[in-house]
Amino acid sequence: MKLNSLHVLLTYRCNYECDHCFVWGSPWQSGVFTLTQLEDVFQQALALGTITEFYFEGGETFVYYPVLLKAVKRAHALGFATGIVTNGYWATSEEDARAWLEPLADAGLDQIEISNDAFHGATTVPPSQHIATQVASQLGLHSGLISLEPPQQAREENGRGLPVVGGDVMFRGRAAVKLTEGLPRHPWNSFTTCPYENLADPGRVHLDPFGYLHLCQGIAMGNVWERPLRDIVHTYHPQTHPIVKDLLAGGPTQLIKTHQLDHDDSYVDACHLCYTARETLRERFADVLAPDQMYGVT
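All of the points below concern the structure found in this document. (Residues numbered from 1 in each chain as written. Predicted model: local features only at pLDDT ≥ 70, side-chain atom pairs only at ≥ 80, totals over all residues. Heavy atoms only, no water.)

Quick look at the overall build of the protein
Helices and strands together make up the secondary structure of the protein, namely eight helices and 11 strands. Look at the contacts in the protein between residues 6 or more apart in sequence, and 68% of them connect residues 24 or more apart. Accessible area for the protein stands at about 12900 Å²; split by element, carbon and sulfur atoms hold 48% of it. (Helix = DSSP H or I, 4+ residues; strand = E, 2+ residues; numbered from the N terminus. Contact = heavy atoms within 4.5 Å. Areas by Shrake-Rupley, 256 points an atom, 1.4 Å probe, with all protein chains shown as cover.)

See below:
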């Protein structure tokens, strides 16, 4: 396993409460990295020796802007590439957007991606017309838009192991609860693979403020506050992980079979079935299916 990218969930808190959010971000969520914890993570990444990139996500990263700014500056100083995902609520004018972005550009930020779609109460615009991307371009930052369409069907099974940067909603997190009603469904026993994440050998994982290292949102491979990142990565065996082993053997369907879970006859997609099954299994695997925030508990 060669891990090269850490996507840091800087906080679970967000100024929005979008129905499609993987991590149940909202104004009422708790959990944010301290600067001391971030320094610990940077040092653990250096000790691992394969990490080349830090992406800062949320929740909403700009809610804790001073922490974000220092995190980007420190990561850059240590030689890591840096990126940010944000909903761009702060880009209310070109002047304001520059006030937010210029210090980040000076701190060494490489890339910024803006979530801009109807879920955020925003009118979707082309990248060239979004204030934040215009100012980012002026400052020499790479930028892009993440724009998801209201769901009419399940996401096509492509881009395995890659971040979602557009197109259809994936039905994990709040989306599995809020957005599946009325959509076409398929038999529960048809979901025999995990089509979206490379659980056996991920190149990137997410790390949250509680130390959980997520193979997929809500499936932890370990906790960096309990064991060093290097140890977690070097001792990770997907065939013995209590959740991953079933997902690799037969997808979410296998989770149902192995643990003899009650289930509906049909689901929208593999994520929908997987998330629903994991909610049921949380009491059995509390240290793996964590934290509460990933399952909508505030």
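Details of the nonpolar core
Residues L6, F54 and F56 are the most contacted members of the largest nonpolar core, which totals 80 residues. With seven residues, the single largest contributor to this core is helix α8 (residues 270-281). The residues touching L6, leaving out its near neighbours within four places in the chain, are V41, A45, I51, E53, F54, Y55, V205, L213 and L229. Core analysis: the second largest hydrophobic core is formed by six residues, V169, F171, L183 and V268 among them. (Core = buried A, V, L, I, M, F, W, Y, C linked by side-chain atoms within 4.5 Å. Buried < 20%, exposed > 50% of the residue type's maximum accessible area, 1.4 Å probe, protein only.)

Some points on the pairing of strand β4 (residues 111-115)
Each regular strand carries side chains that alternate between the two faces of the sheet. Most of β4 sits inside the fold, with four of its five residues counted as buried. In this region the chain leaves strand β3 (residues 81-86), passes through helix α3 (residues 94-107) and returns to the parallel neighbour β4; the handedness of that crossover is right-handed. (Right-handed = clockwise from strand over helix to strand, strands pointing away.)

A few points about the packing of aromatic side chains
Scanning the model with the defined rule gives 13 aromatic pairs in all. Seen from their ring centres, F33 and W225 are 6.2 Å apart, and the 70 degrees between their planes marks the pair as edge-to-face. Taken together, the residues span a long stretch of sequence, with F33 in the loop between β1 (5-9) and α1 (35-48) and W225 in the loop between β10 (219-223) and α6 (229-234) at a distance of 192 residues. What makes F33 buried here is its relative accessible area of 2%. (Phe/Tyr/Trp six-rings, centres within 6.5 Å; stacked < 30°, edge-to-face > 60°.)

Observations concerning the environment of A97
In this fold, A97 is placed in helix α3. For A97, a relative accessible area of 0% corresponds to the buried category. Sequence separation between A97 and Q134 is 37 residues; the distance between their C-alpha atoms is 9.3 Å. Other than its neighbours up to four places away in sequence, A97 contacts W90, A91, I131 and V135.

As for the environment of P184
With respect to the helices and strands, the residue P184 is situated in the loop between α5 (174-178) and β7 (186-187). Residue classification places P184 among the partly exposed residues on the basis of a relative accessible area of 45%. When the C-alpha atoms of P184 and V268 are compared, they prove to be 6.1 Å apart, with 84 residues separating the residues in sequence.

Describing the packing of α1 against helix α2 (residues 65-77)
Running from N to C, α1 and α2 point in directions that differ by 25 degrees, and their axes come no closer than 11 Å. With respect to their mutual orientation, α1 and α2 come out roughly parallel. Like other packed secondary-structure pairs, α1 and α2 cross with a definite hand, here right-handed. Across the interface between the two elements, L35, L38, E39, F42 and Q43 of α1 pack against V67, K70, A71, R74 and A75 of α2. Among the residues forming the contact of α1 with α2, the class breakdown is six nonpolar, one polar and three charged. (Axes fitted to C-alpha atoms, helices over the stretch in contact; angles between N-to-C directions. Parallel < 35°, antiparallel > 145°, perpendicular 65-115°, else oblique. Left-handed = near helix turned anticlockwise from the far one by under 90°. Nonpolar A, V, L, I, M, F, W, Y, C, P; charged D, E, K, R; others polar.)

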